Amino acid sequence: MKKSVDNVKYNLSEALELPKDIVMDLPKITMIGNIQLNLSNHKGIIEYTKEIIRVNTNSGVIKVTGEEMEIKTILSEEIMIVGIIEKIEIIS
Amino acid sequence: MLAIKIWNYLKGYVIIKVEGLTLERLLNLAASNNVYLWDVKRIDHTVIEMKATTKGFKALKSLVKKVGCRVEIVDKKGFPFILQTLKKRKMLGLGFLMFWGVVILLTSFIWKIEILGNEQTAQEEIIKTLKDHNISIGKIKYSIDKEKTRQILLENFDYFSFLSVDIKGTKLTIEIKEQDLPPEEVNKDYPCHIVAKKKGVIMKVVAKNGKSVVKKGDVVKEGQLLITGIINTEEDNENGFLVHSEGKVLALTRYSHIVEESIIKKIEEETGEVYKERGLKVKDKGIQFIKGDVPYKDYIEVINEKKIINLDKFNIDIPIKIVTYEFREVEIKEVKQNLDFLKKSSQIRATQEINKELPDDVQIVSKDVKYFIEDNILKTQVIIETIEDIGKKQIINNRED
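The paragraphs below set out a description of the structure included in this document. Every chain begins its residue count from 1, and numbering advances along the sequence as written. Here every chain gets a letter starting at A, and every ligand a number starting at 1, in the order they are written. Where local features are concerned, this predicted model is filtered to residues with pLDDT of at least 70; where side-chain atom pairs are given and counted, the filter is 80 or more; whole-chain, interface and lining totals use all residues. In computing side-chain values, all of the structure's heavy atoms are included and hydrogens and water are not.

## Remarks on the packing of helix 2 (residues 23-32) of chain B against helix 3 (residues 54-67) of chain B
Residue and element names in this part refer to chain B.
Move 1: Convention adopted: a line fitted to C-alpha atoms gives each axis, helices being fitted over their contacting stretch, and angles between N-to-C directions are expressed from 0 to 180 degrees. Runs of E in the DSSP output that reach at least two residues are strands. Runs of H or I that reach at least four are helices, and both are numbered from the N terminus. Here helix 2 crosses helix 3 at 140°, and the two axes come no closer than 10 Å. It follows from the interaxial angle that helix 2 and helix 3 lie oblique. For the pair helix 2 and helix 3, the sense of crossing is right-handed. Across from R25, L26, L29 and A30 in helix 2, the residues of helix 3 making contact are L60, L63, V64 and V67.
Move 2: The nonpolar class holds Ala, Val, Leu, Ile, Met, Phe, Trp, Tyr, Cys and Pro. Asp, Glu, Lys and Arg form the charged class, and all remaining residues, Gly among them, are polar. When the residues that make up the contact of helix 2 with helix 3 are grouped by side-chain class, the tally is seven nonpolar, no polar and one charged. Note on terminology: angles under 35 degrees are roughly parallel, angles over 145 are roughly antiparallel, angles of 65 to 115 are roughly perpendicular, and the others are oblique. Crossings are assigned a handedness: left-handed for a near helix turned anticlockwise from the far helix by less than a right angle, right-handed for a clockwise turn. Should any heavy atoms of two residues lie within 4.5 Å, those residues are counted as being in contact.

Listed below in structure tokens is the structure:
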């Protein structure tokens, strides 16, 4: 059932050229070099250390690996991570 | 981002340290409860440090209890906390207020009186007059009425042609323009120079007092020193003693005036052709009915106004008028004037102009008339040479500041 709803949403956004992160409630990741990462549409932090940050989203857990990372801001919609980012993994 | 930072600073924020095991859960809870947190730093395995607004901190306290952590304030920052500390340190606040009080108090006095442009009047005399009317250094500036000060000075020194009184900060500036005619006698108590009031060639210098610095045949400019009031003794060359110099300086001066007159004179002659246009006028605003081009190259415009309804008998003024614009064609004719007659008349005119400028007690030495003709224009130059006294007293020390 959920799959079909998602399909409809996907087709709709394709047809009308609507942004998918809004229509399908998917995370949007923006990076500036390797020093800053903005993640909108998150569903909560799972782990937070200087080396590993794991964030839950609709498309699975996003794991950010790096050095000296810190959360610059945290809001209900958006997280901003700064530091030296080395790797991003999506574990779904 | 800067705007947010400034806003947070004005509202005040706290740096807090949270200790516990389920710190991620606290962050999630804070985010879902709309508590704004920033600069979240991991210090230790069980400790994080972050910044929160004062409001957010209060909300966070209950959340901290829920997840079973410990919270501790590290530092308070921002404007409201500075105010709080200032409230405790009353003497500092008092000192601050006193500082401003003293600054405002000291700037409300007149600390300097500057007098500009006085050449024949001594500065001391003006200051003394002002002092007699309760204006001096050390008076509160708000008590000084500029207009009244002006009146006082103009009454006391009737030969001032222009006077401006201005207070800028703690300085009272009085700007004077003296009339060219000096007062009958410059006060003899003050030392003075004699300077030239116009340019000329020196014929004779009679120094009754003071030392002449120009000799016969010298060409002097306006404002040049003629008889000095500073007399240097032989031993001490730098600081001579000052005297009130007096004397006559006769010099040859020149006055000239040029009159231009066109030889060909234009005369307008009406041909009899008339072009008319009508318009309506209500008070001062007019409507022109037909706006056509006037069919003549040169014309005179005559405007006639006529009231539609004339009720002057009953003393009622109705401001509606009919206006007739009449354009009369003219022909321009060029007439050559008699040159000899023109020369004579323009020479008389130029001489009259010079006579207006001439001072009363002058001796006219020569009169010279020159004519030039250029592009149908006759230029007549009249030069009159005179001998007159060009000396003018100027008080010493007035120009130094």
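## Points about the pattern of salt bridges
Move 1: The rule for a salt bridge is simple: a side-chain nitrogen of Lys or Arg has to be within 4 Å of a carboxyl oxygen of Asp or Glu. Applying the stated criterion across every chain, the model contains 14 salt bridges over all chains.
Move 2: Among the ionic pairs, E89(A) bridges to K87(A), the shortest N-O distance being 4.0 Å.
Move 3: The cut-offs for exposure are 20% and 50% of the maximum accessible area for each residue type, with area from a 1.4 Å probe on protein chains only; residues under the lower value are buried, those over the upper are exposed, and the others partly exposed. What makes K87(A) partly exposed here is its relative accessible area of 46%.
Move 4: K112(B) is paired through a salt bridge with E114(B); the nearest N and O atoms lie 3.9 Å apart.
Move 5: The partly exposed category is assigned to K112(B), whose relative accessible area is 43%.
Move 6: Salt bridges linked by common partners bring K72(A), D39(B) and K51(B) together as one network.

## Let's talk about the sheet that holds strand 21 (residues 377-389) of chain B
Residue and element names in this part refer to chain B.
Move 1: The pairing criterion for strands is at least two bridges between them, as found by DSSP. An order of 11-9-15-21-20 is seen for the five strands of this open sheet, with the pairing classed as antiparallel. Of all strands in the sheet, those with a lone pairing partner are strand 11 (219-220) and strand 20 (363-374), marking the two edges.
Move 2: Sheet analysis places strand 20 next to strand 21, joined by eleven bridges and oriented antiparallel. Bridging across to strand 21, S366 finds its partner in E385.

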